[in-house]
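Next come the chains, spelled out residue by residue.
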Amino acid sequence: MASGRCRHGRAEGNAPSAEVLAAVRLLLEEGARRDSRAQRFCTGTADCCRFRLTGETPHVTLGEAWLAWKAWRAAGRTRVELPEDGSCPFLNEQGRCMIYEGRPLACRTHFCISAGGTLPRRDVIDLIHALEDIDAALGGGGACRLPEAVERLSRKGAGRGKRAGR
């Protein structure tokens, strides 16, 4: 979604099942495999995570937002604070990703210039469509910006008292 407004509506309050999250995780892992086969590797500079500087912000489906939220919670965090400098809120003080295992497809396929740029869309379109199908099944309204999607889950207290698969 180009505007950046999150259209996930009320869907973010319902934790997806463990099976759905596993399916999303497999799709993201496949994206990372394709990226590495294309000889594109994270440089660890976090240049791509400085959204205001790059003009690029990864967009996520609801399933991806849930995985990112769960990774954020696993890092001991409960709220997402959007930095004033326009950086990714999931970077630590050393510029390392705190949700690395739960990062979305866009982060895994490196829209980052220093990592070789974006994989061509044709190389991941099947993964994008599968993530969109899961988004629709979860009641999401299409992809929206990563920070806002996860921040919405944190505001709603997603996962508190709820466990995936129950």
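Here the residue numbers are simple positions, counted from 1 along each chain's written sequence. Local features are withheld for residues below a pLDDT of 70 in this predicted model, meaning they are given only at 70 or higher, and side-chain atom pairs are given and counted only at 80 or more; totals for whole chains, interfaces and linings count all residues. The basis for every side-chain value is the complete set of heavy atoms in the structure, and neither hydrogens nor water enter the calculation.

**With respect to the pattern of salt bridges**
Each salt bridge in this description consists of a side-chain nitrogen of Lys or Arg and a carboxyl oxygen of Asp or Glu lying within 4 Å of one another. Within this structure, the stated rule accounts for 5 salt bridges. The closest approach of N and O atoms between R34 and E30, which form a salt bridge, is 2.9 Å. Placement of the pair is R34 and E30 together in helix α1 (residues 18-37), with a separation of 4 residues, close to one helical turn. Any residue under 20% of the maximum accessible area for its type is buried, any over 50% is exposed, and the rest in between are partly exposed; the area is computed with a 1.4 Å probe on protein chains only. We classify R34 as buried; its relative accessible area is 18%. Several salt bridges share partner residues, and in doing so they unite E30, R33, R34 and D126 into one network. A helix here means a DSSP run of H or I that spans at least four residues, while a strand means a run of E at least two residues long, and both kinds are numbered starting from the N terminus.

**Description of the packing of aromatic side chains**
Centres within 6.5 Å make a pair out of two Phe, Tyr or Trp rings, where for Trp the six-membered ring is used; the pair is then stacked when the planes are under 30 degrees apart, edge-to-face when over 60, and tilted otherwise. Across all of its chains, the model carries 1 aromatic pair by this definition. Ring geometry for W72 versus F90: centroids 4.9 Å apart, planes at 80 degrees, classification edge-to-face. Of this pair, W72 sits in helix α3 (residues 62-74) while F90 sits in the loop between α3 and α4 (105-108), and the two are 18 residues apart along the sequence. Taking NZ or CZ as reference, R103 lies 3.7 Å from the ring centre of Y100, over its face. A ring has a charge above it when a Lys NZ or an Arg CZ is no more than 6 Å from the ring centre and no more than 35 degrees off the ring normal.

**A look at the side chain of E151**
In this structure, E151 sits in helix α6 (residues 146-155). Residue E151 is classed as buried on the basis of its relative accessible area, which comes to 14%. It only takes one pair of heavy atoms within 4.5 Å for two residues to be counted as in contact. When sequence neighbours within four positions are dropped, the list of residues in contact with E151 reads R79 and V80.

**Thoughts on the layout of surface pockets**
Quantified by volume, the largest pocket comes out at close to 520 Å³. Residue lining of the largest pocket: 20 residues in total, with H59, L105, A106, R121 and I128 positioned closest to the centre. Broken down by secondary-structure element, the contributors of at least two residues to the lining of the largest pocket are β1 (59-60), α4 and α5 (125-138). With 3 residues, α5 is the single largest residue contributor to the lining of the largest pocket. Definitions used throughout: a 1 Å grid over protein atoms alone; a cavity as a set of points that fits a 1.4 Å probe which cannot get out; a pocket as an open set with protein on both sides within 12 Å along at least five of seven lines; a lining residue as one with an atom within 4 Å of a point. Grid points are joined across faces, edges and corners, and a volume is the space filled by probe spheres set on the points.

**Considerations on the nonpolar core**
Put simply, a nonpolar core is a bunch of buried Ala, Val, Leu, Ile, Met, Phe, Trp, Tyr and Cys residues held in one set by side-chain atoms that sit within 4.5 Å of each other. Core analysis: the biggest nonpolar cluster contains 35 residues, and W72, F90 and V150 have the highest contact counts within it. Taken together, the elements giving at least two residues each to this core come down to α1, α3, α5 and α6. Considering each element in turn, this core owes the most residues, 8 residues, to α3. Beyond its immediate chain neighbours, meaning those up to four positions away, V150 contacts A65, A68, W69, V80 and F90.

**Quick look at the state of the cysteines**
When the sulfur atoms of two cysteines come within 2.5 Å, that pair is taken as a disulfide. Following the criterion strictly, the structure yields 0 disulfides and no others. Unpaired in this structure, C107 has its nearest cysteine sulfur neighbour in C49, at a distance of 6.2 Å.

**Description of the confidence of the model for the protein chain**
Each residue carries a pLDDT score, the predictor's own confidence in it, on a scale running from 0 to 100. With 77% of its residues at a pLDDT of at least 70, the protein chain reaches an overall mean of 80. Here helix α2 (residues 51-54) stands out as the element of the protein chain with the lowest mean pLDDT, 82, in contrast to α5, whose mean of 95 is the highest. In the model, residues 8-12 has pLDDT below 50 throughout and makes 22 contacts with residues more than four positions away in sequence or in other chains. Across residues 160-166, confidence stays below pLDDT 50; counting only partners more than four residues off in sequence or on other chains, it has 14 contacts.

**Overview of the environment of G55**
The topology assignment puts G55 in the loop between α2 and β1. Residues G55 and G86 lie 31 residues apart in sequence; the distance between their C-alpha atoms is 9.6 Å.

**Here's the deal with the packing of α1 against α5**
Close contact between α1 and α5 brings their axes to 10 Å; oriented N to C, the two are set at 160 degrees. The pairing of α1 with α5 is recorded here as roughly antiparallel in orientation. The way α1 lies across α5 gives a crossing that is left-handed. Mapping the contact onto sequence places V20, A23, V24, L27, L28, E30, G31 and R34 in α1 and D126, L127, A130, L131, I134 and L138 in α5. Under the scheme applied here, ten amino acids are nonpolar (Ala, Val, Leu, Ile, Met, Phe, Trp, Tyr, Cys and Pro), four are charged (Asp, Glu, Lys and Arg), and all others, including Gly, are polar. Partitioned by chemical class, the residues of the contact of α1 with α5 number 10 nonpolar, 1 polar and 3 charged. Between the N-to-C directions of two axes lies an angle of 0 to 180 degrees, each axis being a line fitted to C-alpha atoms and, for a helix, fitted only over the stretch in contact. Every angle not falling under 35 degrees, over 145, or within 65 to 115 is termed oblique; those three ranges are roughly parallel, roughly antiparallel and roughly perpendicular. A crossing counts as left-handed when the near helix is turned anticlockwise from the far one by less than a right angle, and as right-handed when that turn is clockwise.

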